[in-house]
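Structure assessment
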Amino acid sequence: HETLRLASAMVDTAAFVDFAGHVLALEDGSGAFCEVLHDLFKERAARGETLESVESALREKLRSIRPFESIVVLMSHPSPELRAISLSEVNKFPFLADLGEL
């Protein structure tokens, strides 16, 4: 993870956008690639970079693997662990529960 952070910080914006597209293409539905890309995106955004295309692509990919309905089901599940996981995802990716965009 640290090597990826270093490498992504060293490339220019165009290369990062291209890299982000490849990472999202590798996403297998687990959300792991989206998590990593989100962390890298946040670091670049904190430096003042505007990466709307990456943010939009990440948002769409996450919504495709974590639709709003599945978040609702998990948040109302009897298992405290599953409820905690869904709440954690909504806290990290608040747009997953954004009713205004549905």
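Below or above, wherever it landed, is the structure these notes cover. (Residues numbered from 1 in each chain as written. Predicted model: local features only at pLDDT ≥ 70, side-chain atom pairs only at ≥ 80, totals over all residues. Heavy atoms only, no water.)

Packing of helix α1 (residues 2-10) against helix α3 (residues 32-46) brings their axes to within 10 Å, and their N-to-C directions diverge by 40 degrees. It follows from the interaxial angle that α1 and α3 lie oblique. In the crossing of α1 with α3, the sense of the turn from one axis to the other is right-handed. Seen from α1, the contacting residues are Leu4, Arg5, Ser8 and Ala9; seen from α3, they are Leu40, Glu43 and Arg44. Classifying every residue of the contact of α1 with α3 gives 3 nonpolar, 1 polar and 3 charged. (Axes fitted to C-alpha atoms, helices over the stretch in contact; angles between N-to-C directions. Helix = DSSP H or I, 4+ residues; strand = E, 2+ residues; numbered from the N terminus. Parallel < 35°, antiparallel > 145°, perpendicular 65-115°, else oblique. Left-handed = near helix turned anticlockwise from the far one by under 90°. Contact = heavy atoms within 4.5 Å. Nonpolar A, V, L, I, M, F, W, Y, C, P; charged D, E, K, R; others polar.)

Take the packing of aromatic side chains next. For the coordinates displayed, the defined rule picks out 1 aromatic pair. Plain terms: the ring middles of Phe16 and Phe19 are 6.2 Å apart, the flat faces sit at 40 degrees to each other, and that makes the pair tilted. Residue Phe16 and its partner Phe19 are located together in helix α2 (residues 13-26), separated by 3 residues, close to a single helical turn. Judged by its relative accessible area of 0%, Phe16 falls in the buried class. (Phe/Tyr/Trp six-rings, centres within 6.5 Å; stacked < 30°, edge-to-face > 60°. Buried < 20%, exposed > 50% of the residue type's maximum accessible area, 1.4 Å probe, protein only.)

By size, the foremost hydrophobic cluster in this structure holds 17 residues, and its most contacted members are Phe16, Leu37, Val54, Leu58, Leu62 and Leu96. Phe16 has contacts with Ser8, Val11, Leu37, Leu40, Phe41, Arg44, Leu51 and Val54, leaving out every residue within four places of it along the chain. (Core = buried A, V, L, I, M, F, W, Y, C linked by side-chain atoms within 4.5 Å.)

Attention now goes to the pattern of salt bridges. Scanning all chains against the criterion turns up 8 salt bridges. Lys92 is the partner of Asp39 in a salt bridge, and the nearest nitrogen-oxygen pair spans 3.1 Å. Linking Asp39 in helix α3 with Lys92 in helix α6 (residues 80-92), this pair joins segments that are 53 residues apart in sequence. Judged by its relative accessible area of 27%, Asp39 is partly exposed. Close ionic contact of Glu49 with Arg47 constitutes a salt bridge, the shortest N to O distance being 3.1 Å. A relative accessible area of 18% means that Glu49 is categorised as buried. Where salt bridges share partners, they join Glu2, Arg5 and Glu43 into one cluster. (Salt bridge = Lys/Arg side-chain N within 4 Å of Asp/Glu carboxyl O.)

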